[in-house]
Amino acid sequence: MRSVDIDVGGTFTDLVLTFDKRRVIAKSPTTPYDLSVCFMNVLEDGADQLGVAVEDLLPQIEVVRYSTTVAMNRLIERKGPRLGFMTTEGHEEAVLIGRGAQWVDGLRIGERRNLAVQNKPAPLVTRQLIAGLKERVDSTGRILRPLNEDDVRNKLRYLIDNGARAIAVSLLWSFANPTHERRVREIIREEYKGYHVGYLPVVLSHEVVGKVGEYERSMTAILDAYLQRSIKLEMEATWDQLRERGYRGSFLLTHNTGGSAEMFKTTASRTYNGGPISGLMGSYHIGRALGYKNVIASDVGGTSFDVGMVVDAGVRSYEFRPIIDRWMVGITMLQTTTMGAGGGSIARVNPLLNRLEVGPHSAGAMPGPVCYDLGGVEPTVTDADVVLGYISPDGYFGGRMPLNREKAIQAMRTRVAEPLGITVDEAAAMVRNIVEENMASAIKREVHLRGYHPEDFVLFAFGGGGPTHVAGYRADVPVAVIFPQAPVFCALGSSVMDIMHVYEVSRRMVFMEAITETFTTDYARYNEAVKTLIEQAKIDLKAEGLDVDSALFQVELDMLYGGQVHVKRVSSPHLEIHGPQQMQEIYAAFEKEFSEAFSPHVVNKPGGVYLENIVLKATVPTEKLELPEHPLGPPDASTARTGQREAYWPELRQRVATDVYRFEDMQPGHRLEGPALVEAEFTTLVVPPGQTFHIDSRGLGILEYLAKKA
């Protein structure tokens, strides 16, 4: 397979370039002003490693996969067009009123506690640009009030005259009968043609979320309309450069559902959180290859810390109503946790409490940490690592990005050490300790709140800062795995992800009758919905030039017990239902997963079972990463030792001359005890006293406690 996989993060852009039997990695600083610049920069770096020009390389590449935070960044910056919103008359205020949780959706826990200062987020569409249309469809799809087309044209002109440059349409119960929404779009196209200079993007709610939930469905349509143009421009700039340099293959974007699809088949909201999902899916596929059933995926970047979980060799923990920025939406996303903690997290002393706080604010790529010497003045986590001696100022970023250690020391002294009355080394160690404790708390919450024990997992530490901080944040997880490709692991994850489309449709059905516990025999309604989704999937896959015959179709069902509100998504063992035996097998799968997720004690068969949504996953498998085994050699790692460096270790409360090793020179069987530093091209593994590091038979780094933790 010849593929290019690129992950654009807030600080660095990562590349994994696979060319026949060679795989090269590269990193380049992210260019927020134009993401196509860092995309091409990192691609040129990878091509240089292969010894070919980009123009000679791209015509031979079969697929380019791309994960990006552009959706999140543009939303944070509020760089979107003025939106017009059309909804059913009488429901104009629905998205402004929101749900009760809208006051705190998207806020950190510390902010939620201070209720007195909370306000609803400034809406993406103002009341002036919301129009109610004369129409009505009921919950069964029956038209109660025909669409008044003259009213639509008048309201459309009103929105345009008031500055609307994109239109989102969300009519009541449109997913049950989309006739009116489709006709509204036709009218807009009749009034404002596609070839006009003032072409209007139009997003219909039933097309982006075809299921129940008026507020969530409306907000998804609004977000897609708001983000579409900016993401389109970013993607087109990259796409145009690829085409100009000879690329003729597919351009796939990572979806937050765990798959990827063509840029032309991707809605804006599906790209949200794409990078962390790539890391999670990479952990899933590679964990399976390594024989790990339970994996905690942890990604420490320059701006954020992301955590995801693989449980029982599966990644089917979903957020059914995820929060994007400050709004609850109706798409279903794989569950990950993100917090503002990374190499660029800023350390500040709170003058009111005389307490050190680290994050969530970040120095980002520009100006970056103080040691970057690009104008930053506030010390960050990376500055702390440099001050302590863990990161070599001359070896950072493969030696191509020299760091100014003296400026980092000065910033740490004036901004942290002197206000707290401690030494510079103690201040830097405190910065590390706080950020690592925050990361450890995020892992504990993620694991314990899902009902699991950290001792039953292994921890994959990746991202540029993962190996540097994993010894401090892994807490009760006994084993941490560090990959040679750890700094670009999210890009590596996208290289093993399958091409996958996800389709959802609401079908509120009685699956099992209450009291009698008898299964329904209305198979036709269920099977018709599944067949419709499969036909749509085949059309989309064929349009992308994919082999439909090689596609795998899997049905997942959102189900719940009567009298309860907890919905559980279960993987159905059957595509279609034709008899009671298949019903029983589907129910058995639901009861098992429901019991594991909540408790066997809340299984409520007498209350009946209800089907909420039908989800179809259409998957085209891709080639997976091969991890061959090698014989283990002697434990002596002296051949990989490159020298010593003074480093401060809080456990020893002093600086000591610490052995430094080169990761690439360590061989299977090599073992060393902390304190030690293991340097790779784009990261440094910190092995503190009391922990041990060795290379296993697959060339992976394994970090463990030297003795059982008390």
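As the structure is a prediction and not an experimental result, all values here were calculated from the model.

### Here's the deal with the overall build of the protein chain
And step 1. Check the secondary structure of the protein chain and you find 17 helices and 34 strands.
And step 2. The dimensions of the protein chain, computed from C-alpha atoms along their principal axes, are 80 × 60 × 60 Å.
And step 3. Here the protein chain contributes 76 positively and 90 negatively charged side chains, and the mean placements of these two sets differ by 4 Å.

### Overview of the pairing of strand β3 (residues 22-29)
A regular strand places its side chains on the two faces of the sheet in alternate fashion.
And step 1. When strand β2 (residues 12-19) meets β3, the two strands line up antiparallel, connected through 8 bridges. Looking at β3, one finds that D14 is bridged to K27.
And step 2. In this structure, the hairpin formed by β2 and β3 is closed by a connection of 2 residues, where D20 is found at a positive phi of approximately 55°.

### Observations regarding the state of the cysteines
And step 1. In the structure shown here, the tally under the stated rule is 0 disulfides.
And step 2. Free cysteine: C490, not disulfide-bonded; nearest cysteine sulfur from C38 at 15 Å.
And step 3. The exposure class of C490 is buried, given its relative accessible area of 5%.

### Concerning the sheet that holds strand β14 (residues 305-310)
Remark on secondary structure: sheet strands pair via backbone hydrogen bonds, oriented parallel or antiparallel.
And step 1. The strand order across the open sheet formed by 8 strands is β19-β14-β13-β22-β23-β34-β33-β30, and the pairing between neighbours is mixed. Of all strands in the sheet, those with a lone pairing partner are β19 (336-339) and β30 (671-673), marking the two edges. Ignoring strand direction, the axes of neighbouring strands in this sheet form an average angle of 20°.
And step 2. In this fold helix α13 (residues 424-448) packs onto β13 (295-300), β14, β19 and β22 (458-462), with an angle of close to 30° to the strand it touches most, β14.

### Points about the packing of aromatic side chains
And step 1. Taken as a whole, this structure holds 25 aromatic pairs when the rule is applied.
And step 2. Taken together, a centroid distance of 6.5 Å and an interplanar angle of 90° make the contact between W239 and Y247 edge-to-face. Here W239 and Y247 have matching classes, each one buried.
And step 3. A centroid spacing of 6.0 Å and a plane angle of 75° characterise the contact between Y452 and F457, whose relative ring orientation is edge-to-face.

### A short note on helix α12 (residues 405-420)
And step 1. For α12, with 16 residues, the first-to-last C-alpha span of 21 Å sits near the 22 Å given by 1.5 Å per residue.
And step 2. Taking the largest bend as the criterion, α12 deviates by roughly 45°, centred on R413.
And step 3. Within the span of α12, buried status applies to A408, I409, A411, M412, V416 and A417.
And step 4. Check the buried side of α12 and you find it contacts β20 (345-350), β21 (355-362), α11 (381-388) and α13.

### Examining the nonpolar core
And step 1. Ranked by internal contacts, the top residues of the largest apolar core, which has 114 residues, are F251 and I614.
And step 2. Sorting elements by how many residues they give to this core places helix α9 (residues 214-244) first, with 12 residues.
And step 3. Once you skip the residues sitting within four places of it in the chain, I614 turns out to touch Y503, E504, V505, R507, Y526, A529, V530, L533, V555, E556 and L557.
And step 4. In this structure, I286, A486, A491 and A640 belong to the second largest nonpolar core, which totals 106 residues.

### Topic: the pattern of salt bridges
And step 1. Under the definition given, this model contains 43 salt bridges.
And step 2. As a salt-bridge pair, E186 and R183 come within 2.9 Å of each other at their nearest N and O atoms. Of this pair, E186 and R183 both sit in helix α7 (residues 179-191), separated by 3 residues, roughly a single helical turn.
And step 3. On the accessibility criterion, E186 (44% relative accessible area) is partly exposed.
And step 4. Note that K407 is salt-bridged to D373, the shortest N-O span being 2.6 Å.

### Describing the sheet that holds strand β31 (residues 676-679)
And step 1. Taking strand neighbours across the sheet as the criterion, the 4 strands line up as β28-β29-β31-β32 in an open arrangement whose pairing is mixed. Each of the sheet's edge strands pairs with one partner strand only, and the pair in question is β28 (641-649) and β32 (684-687). For this sheet, the mean angle separating the axes of adjacent strands, direction not counted, is 30°.

### Comments concerning the packing of α12 against α13
In helix packing, the relevant descriptors are the interaxial angle and the interaxial distance, both defined with respect to the helix axes.
And step 1. Where α12 contacts α13, the axes come no closer than 9 Å and their chain directions differ by 90°. Overall, the two elements α12 and α13 adopt an arrangement that is roughly perpendicular. Contacts between α12 and α13 involve I409, M412, R413, V416, A417 and L420 from the first element and V424, A427, A428, M430 and V431 from the second.
And step 2. When grouped by side-chain class, the residues that make up the contact of α12 with α13 number 10 nonpolar, no polar and 1 charged.

### Observations regarding the environment of I331
And step 1. When you line up the elements, I331 lands in the loop between β17 (327-328) and β18 (333-334).
And step 2. The buried category is assigned to I331, whose relative accessible area is 1%.
And step 3. Along the chain, I331 and E504 lie 173 residues apart, while their C-alpha atoms are 9.0 Å from each other.
And step 4. Once residues lying within four places of it in the same chain are set aside, the contact partners of I331 are V208, V209, T220, N256, S269, R270, E319, F320, P322 and I324.

Calculation notes
- Residues numbered from 1 in each chain as written.
- Predicted model: local features only at pLDDT ≥ 70, side-chain atom pairs only at ≥ 80, totals over all residues.
- Heavy atoms only, no water.
- Helix = DSSP H or I, 4+ residues; strand = E, 2+ residues; numbered from the N terminus.
- Lys, Arg positive; Asp, Glu negative; His and termini not counted.
- Charge placed at Lys NZ, Arg CZ, Asp CG, Glu CD.
- Pairing = 2+ DSSP bridges.
- Disulfide = S-S within 2.5 Å.
- Buried < 20%, exposed > 50% of the residue type's maximum accessible area, 1.4 Å probe, protein only.
- Axes fitted to C-alpha atoms, helices over the stretch in contact; angles between N-to-C directions.
- Contact = heavy atoms within 4.5 Å.
- Phe/Tyr/Trp six-rings, centres within 6.5 Å; stacked < 30°, edge-to-face > 60°.
- Expected span 1.5 Å × (residues − 1).
- Bend = angle between axes of the 7 residues up to and from the residue.
- Core = buried A, V, L, I, M, F, W, Y, C linked by side-chain atoms within 4.5 Å.
- Salt bridge = Lys/Arg side-chain N within 4 Å of Asp/Glu carboxyl O.
- Parallel < 35°, antiparallel > 145°, perpendicular 65-115°, else oblique.
- Nonpolar A, V, L, I, M, F, W, Y, C, P; charged D, E, K, R; others polar.

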